[in-house]
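Structural overview for review
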Amino acid sequence: MCGIVGVVSANPVNQLIYDALLLLQHRGQDAAGIVTQEGRKFFMHKAKGMVRDVFRTRNMRALPGSLGLGQVRYPTAGNAASEEEAQPFYVNAPFGIVMVHNGNLTNARQLRRELAETDHRHTNTESDSEVLLNVLAHELARASRGAPLQSEDVFAAVRAVHQRVKGSYAVVALIAGYGLLAFRDPFGIRPLCLGRGPGNTVMLASESVALEGTLHHLERDVAPGEAIFVHPDGRIETQQCAAASQLVPCMFEYVYLARPDSVMDGISVYQARLNMGETLAKRVVSTVPPSEIDAIIPVPESSRPSAMQLAQLLGIPYREGFVKNRYVGRTFIMPGQSTRKKSVRQKLNAIASEFKGKRVLLVDDSIVRGTTSKEIVQMARDAGATKVYLASAAPPVRYPNVYGIDMPTSEELIAHGRTVEEIRQWIGADALIYQDVEAMKQAVGRINPQVQGFEASCFDGRYITGDISDEDVAALNAGRNRGGDEDEQDTSRLSLPNADVA
């Protein structure tokens, strides 16, 4: 999962890209990068860390030009400890290309061999994004045949990329002297949208909030399999480049990843979460009589809309029982279980008056590894709750994700191979209620009937690209090196991308 943005303007774009990346910070906190173009020259700065820490005044001054792109990175492949794998990536031939990528290639190992043995192109990192860039560069060279680049050459190259690359990918690239290229995988798994701003500025970004927050108007989403080529003067050309395409966006974007004020593929993320609360209400009633619940309390932040809708439908008071410390740094990589528990207590603190002597229903957006859920349930008991029920707005996470969300291996998922009762006992809740998979899909899908389905493999085990085996999942997990002890990472809350979003 990453956040990407690309801009073509008549004015300097460095500050605009910086502002857009701040609005996308929830999508990645490991590294950030910006590249701008002035004339035919690229200017780049990237490093590990948050946007506000990576870019200082001196760095911004060194990014001139009216075209540019940027990325905030949360690694799902490659080595998170390597600053070389921060994006954008650059190749000098043909033409000079820089690229940012959100997603995950499922055939990166095969492509890496093809690049070395057949295409004679060198990759210097373990990042699948560098693989994708070199595939694009090779196909642009083949399409242009050494001549000046034409729009049709660009679209031909993207068609070839679609034929070779498997997995999820939303891409924005700059081709020196020619313009900006953006394209999306044939299933539209990872999001990408297009907008315009003052002075005919064109912006492409992962979420609509990056457009609206920088005073751009959202025109539309990039269609699955579509390529958009923006000339330096702002003129746009588009073409469908996939032989077959269908809109099947990632369900976890609506469950957890995206900001609630974003609209993705015609679906309001906020409304999607309200609808999840509505369907969850039916599950709660069948498990715990509403008369046995004194208050409904969300686990901050993403679960709030679902919890509010649930409380309204059941006629039960909604209360804020946990306060989040927004100023605690990321605690995704923890050196041990005791430190993980400490980190939960530092991030969340219970308001004792909302728990003491009450039967409470805690609502979370999802339960992945379960370690944080277990600790939060215990926090509620320690604060005086007489009964602690736990509801998840998402179904049980039983399978790894291979399309750009950093899920643990199957063995680390609390729901893998366990019944709901076994999970309840381990977490320590008096009752555990999960969302239903099909009900969730219907609840979100009815917001935009044009969506043809959802990529929900972490819930239902169906991988939309149809090319994933158990061996592929094992190989993808083996290729992940996040710079810490894999067995001691707290992935129960992923990377807490909404930590700075009210």
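In short, a report on the structure. Note that the structure is a prediction, hence the values are computed from the model and not measured. (Residues numbered from 1 in each chain as written. Predicted model: local features only at pLDDT ≥ 70, side-chain atom pairs only at ≥ 80, totals over all residues. Heavy atoms only, no water.)

**Re the sheet that holds strand β17 (residues 295–298)**
As a reminder, the rule being used: Following DSSP output, two strands are said to pair if at least two bridges run between them. Only runs of H or I of at least four residues qualify as helices and only runs of E of at least two qualify as strands under DSSP, and these elements are numbered from the N terminus. Between N-to-C directions, angles span 0 to 180 degrees; the directions come from axes that are lines fitted to C-alpha atoms, helices contributing only their stretch in contact. Note on contacts: a residue pair is in contact if any heavy atoms of the two residues lie within 4.5 Å.
Taken in spatial order, the 4 strands line up as β17-β20-β21-β22 in an open sheet, and their pairing is parallel. Where the open sheet ends on each side, the last strands, each with one partner, are β17 and β22 (431–434). In this sheet, adjacent strand axes meet at a mean angle of 20 degrees when their direction is disregarded. Sheet analysis places strand β20 (residues 359–364) next to strand β21 (residues 387–392), joined by 6 bridges and oriented parallel. Across the sheet, residue L361 finds its bridge partner in β21, namely Y389. Its contacts with the sheet put helix α10 (residues 304–314) on β17 and β20, and the angle it makes with β17 is roughly 170 degrees. Across the face of the sheet, helix α12 (residues 371–382) comes into contact with β20 and β21 while running at roughly 150 degrees to β21.

**Considering the pattern of salt bridges**
The cut-off we apply is this: By definition here, a salt bridge exists when the distance from a side-chain nitrogen of Lys or Arg to a carboxyl oxygen of Asp or Glu is within 4 Å. Under the scheme applied here, a residue whose accessible area is under 20% of the maximum for its type counts as buried, over 50% as exposed, and between as partly exposed, the area being computed with a 1.4 Å probe on protein chains only.
Across all of its chains, the model carries 27 salt bridges by this definition. With its nearest N and O atoms 3.5 Å apart, the salt bridge here joins R73 to E85. Of the two residues, R73 is situated in strand β4 (residues 67–73) and E85 in the loop between β5 (78–79) and β6 (89–91); the sequence distance between them amounts to 12 residues. Summarising the burial analysis for this pair, R73 and E85 share the class buried. Between R184 and D265 there is a salt bridge; the shortest N-O distance is 2.7 Å. Of the two residues, R184 sits in strand β9 (residues 179–184) while D265 sits in the loop between β15 (263–264) and β16 (267–268), which places them 81 residues apart along the sequence. As far as the burial class goes, R184 and D265 line up, both buried. Among the charged side chains, a salt-bridge network with shared partners connects E114, D119, E139, R142 and R164.

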